[in-house]
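Structural overview
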Amino acid sequence: MKSTPEKIRARFDKDVERFSNLETGQSATIDAPLSMELIAQAAARSTPQAAAMLDIGCGAGNLSLKLRAVLPRLEVTLIDLSLPMLTRATERLGSGAQAIQGDIRDIPLASESFDIAVGAAVFHHLRGEDEWRAVFGKVYRSLRPGGSFWISDLIFHSTPAVQELMWARYGEYLAALKGDEYRRHVFEYIEYEDTPRPLLFQIDLLRECGFREVEILHKNSCFAAFGALKI
């Protein structure tokens, strides 16, 4: 049995300080600072007219802060399961930030109400393919024409030998970062909490939902940053 949203929320409620650090808050995610920077720059260049952004699973607001640095007038809607995370994110972003506590699977989004949508380390919590299709479709409909959707996340590889290779490389990264016990801890909560999907599954799903321009910004081992434009 995988972890429930309530248990995931409880874990993140206790981890606000760590996730408030732009550089080290997501150290278990390979190249997290680089992925955030690439997403911020790609979103700003591909959607320069953006006035409203949706940050799904915003955590302490790191990705929104990166976007605000290049699009300072951006109005931001923050969604997260964790109220302490939302509180910290709105404190850091200041005016022009609206917080909604809840699960993206349940929260209704008005059609064509955002210019940019982002999600960092959040969609791997989705379960069956029906949930993935429903959430990606909801995001597509919420974007205005010309809007863009950007994702940074843990991914899976459908070829067993490749998955084994990438998982071993990720384990080496974790052990070098904080030791073998840290590697064991991270692998255990991934097994308990997460159901990542292959990068190409998500690329195909973006196209299926209606996105016509799809871009891969970065991939390292079992992490990727990518996005799509609504034309």
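Our subject in this report is the structure included herewith. (Residues numbered from 1 in each chain as written. Predicted model: local features only at pLDDT ≥ 70, side-chain atom pairs only at ≥ 80, totals over all residues. Heavy atoms only, no water.)

The next thing to look at is the overall build of the protein. In terms of regular secondary structure, the protein is built from 9 helices and 7 strands. Over its C-alpha trace the protein gives a radius of gyration of 17 Å, about what one expects of a compact globule, namely 17 Å for 231 residues. Judged by the C-alpha coordinates and their principal axes, the protein covers about 45 × 35 × 30 Å. For the protein, with 231 residues in total, the buried portion stands at 54%. Within the protein, contacts between residues separated by at least 24 positions form 70% of all contacts whose residues are at least 6 apart in sequence. About 10500 Å² of surface is accessible on the protein, with carbon and sulfur atoms providing 55% of the total. Of note, the protein has its 27 positive side-chain charges centred 2 Å away from the centre of its 31 negative side-chain charges. (Helix = DSSP H or I, 4+ residues; strand = E, 2+ residues; numbered from the N terminus. Rg over C-alpha atoms; globule rule 2.2 N^0.38 Å. Buried < 20%, exposed > 50% of the residue type's maximum accessible area, 1.4 Å probe, protein only. Contact = heavy atoms within 4.5 Å. Areas by Shrake-Rupley, 256 points an atom, 1.4 Å probe, with all protein chains shown as cover. Lys, Arg positive; Asp, Glu negative; His and termini not counted. Charge placed at Lys NZ, Arg CZ, Asp CG, Glu CD.)

Among all positions in helix α9 (residues 199-209), only Leu199, Phe201, Gln202, Ile203, Leu205, Leu206 and Cys209 are buried. Lining the buried residues of α9 we find α6 (129-142), β5 (143-154), β6 (213-220) and β7 (223-229). Just downstream of α9 lies Gly210, where phi reads positive at about 125°.

Next up on the list: the sheet that holds strand β2 (residues 75-80). Spatial ordering of the open sheet is given by β3-β2-β1-β4-β5-β7-β6, a layout of 7 strands whose pairing is mixed. Where the open sheet ends on each side, the last strands, each with one partner, are β3 (97-101) and β6. Neighbour to neighbour, the strand axes of the sheet diverge by 15° on average, direction disregarded. Alignment of β6 against β7, held across 7 bridges, turns out to be antiparallel. Bridge pairing links Glu215 to Gly227 in β7. (Pairing = 2+ DSSP bridges. Axes fitted to C-alpha atoms, helices over the stretch in contact; angles between N-to-C directions.)

Our focus in this paragraph is helix α8 (residues 180-193). Between its first and last C-alpha atoms α8 spans 20 Å; for 14 residues at 1.5 Å apiece the expected length is 20 Å, and the two agree. Within α8, burial applies to Tyr182, Val186, Tyr189, Ile190 and Glu193. Viewed along the axis of α8, the buried residues span an arc of 105°, placing them on a single side of the element. Residues of α8 that are exposed and angled more than 90 degrees away from the buried face: Asp180 and Glu191. Elements that come into contact with the buried residues of α8 comprise α1 (5-13), β5 and α7 (160-178). (Expected span 1.5 Å × (residues − 1). Arc of directions from axis to C-beta.)

For the rest of this paragraph, the subject is the nonpolar core. Within the largest apolar cluster, 32 residues are counted, with the highest numbers of intra-cluster contacts made by Phe123, Phe136, Phe149 and Leu206. Listing elements by their share of this core, those giving two or more residues are β1 (52-56), β4 (114-120), α6, β5, α9 and β7. In terms of residues, this core owes the most to one element, α9, which gives 6 residues. In this structure Leu206 touches Phe136, Phe149, Phe211, Val214, Phe226, Gly227 and Ala228, once residues within four positions along its chain are discounted. In terms of nonpolar packing, the next biggest core, distinct from the first, is built from 24 residues, Ala42, Ala43, Cys58 and Leu63 among them. (Core = buried A, V, L, I, M, F, W, Y, C linked by side-chain atoms within 4.5 Å.)

We note that Asp31 has phi near 60°; this positive angle belongs to a residue other than glycine. For Asp31, the position within the fold is in the loop between α2 (16-19) and α3 (32-46). Positive phi outside glycine occurs at Ala121, with the angle close to 55°.

Turning to the pattern of salt bridges, a few remarks are in order. Tallying each qualifying case throughout the model produces 13 salt bridges. Taking the shortest distance from any N to any O, the salt bridge between Asp13 and Arg9 comes out at 2.7 Å. In this pair, Asp13 and Arg9 are both assigned in helix α1, 4 residues apart and thus about one turn of the helix distant. A relative accessible area of 30% places Arg9 in the partly exposed class. (Salt bridge = Lys/Arg side-chain N within 4 Å of Asp/Glu carboxyl O.)

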